[in-house]
Amino acid sequence: MIQIGGYQIDTSDPVTWVVAGALIALLLLFWLVLRSGAAATRAARAVEPLAHQMGALGGTVQALSNGQERLAGGLTHVSDLQARSQSQMMEAMERRLEEVQKSMGDTLHGTSTRTARSLGELQQKLEQIDKAQANIEKLSGDVLGLQDILSNKQRRGMFGEIQLNDIVSKALPSDAYSFQTTLSNGKRADCLIHLPNPPGPLVIDAKFPLEAYETLTEAEGPEAVKRALRDLGTAVRVHIKAISERYIIEGETADGAVMFLPSEAVYAELHARLPEVVRAGFDARVWIVSPTTCMATLNTMRAVLKDARMREQAGEIRKALKQLHRDVEIIGERAGKLETHLRQAGDDVDGILTASARAGKRAERLDNFDFEELAPDAANTTVVPLPRT
């Protein structure tokens, strides 16, 4: 900043330098005019408006300088505001960044926790799947073993016998049946139920026409199904005939026998599609049962056995009742004797109470005697002491 003629001029402004150059040029021109002698007056008159314009130009320069100062102040204020705004924005951004980082940390922690829990649950489910897979493999092995058993006739017969043994042993007492009993004709029965006469011992034989049933289940078309049904009926009729001839012996067994089918499916197929075979069994006095109906039949037999045993024990029950009646009579006799003794004891007690009352009255009279008012003779009487024993 420089001061010329009472005005402050900013030397850093290019406009100021332009105006200063113009003033210097005018001053040089004015000096040249003054040096010319003849034109001095005219130059003076010409310089007056120029001086007036230069004064106006100086005011304009001052106004520009003042505007520049205000602009500089405004720029400083704007700069300060911008700095404060930037500082506040940076603080807000830092706080927001911290919040975002915290939120992200919490979210990551929660996500890691849920992930760990999910992995744990997944591990448990995988273990359960492994166990289920092991059970399936075991079941597959059991199924294959069952298929091997059922594919062999001898093993299939043993399978039916084992199932029959299990059902019978659960339904009846141990002394009401026997397994693999040989009859008088030399035939061996799978199970013999010891029923009372009538009807007498009843034979239960296990049969399993598996091949004919499998052929029926695999048959396709009406003709194939018809042939399979005929074969199944033929197989069951053969079993019915064999049981009727082998296990119904007059005077030794009951007049009927039971054929046990260890398959509910075969039993249902017979009753649904081959009722004539079931009727043929009734005619031959051979009743066909499944595991479910066999259990119901055995429960009925159990009731029959219980009733028969109660009839057998009827004589013992009557004998026991007679002895009980005699014991009651003896108790009555002894109670009568006890009543007599109690009555005599009561009389004796009454006598004792009467004697006790009399003794009490005498003692009371003795207690009321006045020994001080005795007669003089009695007072002067010498008391002789009793000898010591």
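Our subject in this report is the structure included herewith. Sequence order as written defines residue numbering, which begins from 1 separately in each chain. Where local features are concerned, this predicted model is filtered to residues with pLDDT of at least 70; where side-chain atom pairs are given and counted, the filter is 80 or more; whole-chain, interface and lining totals use all residues. Side-chain descriptors were evaluated using all non-hydrogen atoms of the structure, hydrogens and water having been removed beforehand.

Re the overall build of the protein
Then, in step 1: Scanning the protein from terminus to terminus reveals ten helices and seven strands.
Then, in step 2: Only protein chains enter the area calculation, which uses a 1.4 Å probe; residues under 20% of their type maximum are buried, those over 50% are exposed, and those in between are partly exposed. When burial is assessed residue by residue, the protein has 22% of its 389 residues classed as buried.
Then, in step 3: Long-range contacts, defined as pairs at least 24 residues apart, comprise 63% of the intrachain contacts of the protein with a sequence gap of at least 6.
Then, in step 4: Of the roughly 28100 Å² that the protein leaves accessible, carbon and sulfur atoms contribute 58%. The numbering of helices and of strands both runs from the N terminus, where a helix is a DSSP run of H or I of at least 4 residues and a strand a run of E of at least 2. The criterion used for residue contact is that any of the two residues' heavy atoms lie within 4.5 Å. For the area figures, the Shrake-Rupley method with a 1.4 Å probe applies, and any residue is considered shielded solely by the protein chains shown.

Observations regarding helix α8 (residues 291-312)
Then, in step 1: The span you would expect from a helix comes to 1.5 Å times its residue count less one. Taking 1.5 Å per residue as the helical rise, α8 with its 22 residues ought to reach 32 Å, and the 31 Å between its terminal C-alpha atoms agrees with that figure.
Then, in step 2: Among all positions in α8, only P291, C294, L298, M301, L305 and A308 are buried. Seen along its axis, α8 keeps its buried residues to an arc of 85°; they face one direction. The exposed set on the far side of α8, more than 90 degrees from its buried face, consists of T292, K306, M310 and R311. This arc describes the spread of directions from the helix axis toward the C-beta atoms.

What to know about the sheet that holds strand β3 (residues 177-182)
Then, in step 1: At least two DSSP bridges between two strands are needed for those strands to be called paired. Across the sheet, which stays open at both edges, the five strands sit in the order β3-β4-β5-β6-β7 with mixed pairing between neighbours. For this open sheet the edge positions go to β3 and β7 (286-289), each flanked by a neighbour on one side alone. Pairs of neighbouring strands in the sheet enclose a mean axial angle of 30°, with direction left out of account.
Then, in step 2: For β3 and strand β4 (residues 188-193), the ladder comprises five bridges, and the chain directions are antiparallel. Bridge pairing in β4 links S178 to L192. For helices, the fitted line uses only the C-alpha atoms of the stretch in contact; every axis is such a line through C-alpha atoms, and the angle between N-to-C directions lies from 0 to 180 degrees.

As for the nonpolar core
Then, in step 1: Among buried residues, the Ala, Val, Leu, Ile, Met, Phe, Trp, Tyr and Cys ones that are joined through side-chain atoms within 4.5 Å form a nonpolar core. In this structure, L232, V236, I240, M259, L261, L270 and I288 are the most contacted members of the largest nonpolar core, which totals 30 residues.
Then, in step 2: Sorting the residues of this core by element identifies β4, α4 (210-218), α5 (222-247), β6 (257-260), α6 (264-273), α7 (275-283) and β7 as the ones contributing at least two each.
Then, in step 3: With eight residues, α5 is the largest single contributor of residues to this core.
Then, in step 4: What M259 contacts, discounting residues up to four positions off in sequence, is D205, K207, V236, H239, I240, I243, V286, W287, I288 and V289.
Then, in step 5: Membership of the second largest hydrophobic core comes to 21 residues, among which are A254, V258, F260 and C294.

Some details on the pattern of salt bridges
Then, in step 1: For this analysis, a salt bridge means a side-chain nitrogen from Lys or Arg found within 4 Å of a carboxyl oxygen belonging to Asp or Glu. Tallied over the full model, the rule gives five salt bridges.
Then, in step 2: The partner of E99 in a salt bridge is R96, with the nearest N and O atoms 3.4 Å apart. Of this pair, E99 and R96 both sit in helix α2 (residues 40-151), three residues apart, which is roughly one turn of that helix.
Then, in step 3: What makes E99 partly exposed here is its relative accessible area of 48%.
Then, in step 4: R96 gets classed as exposed once you look at its relative accessible area, which sits at 53%.

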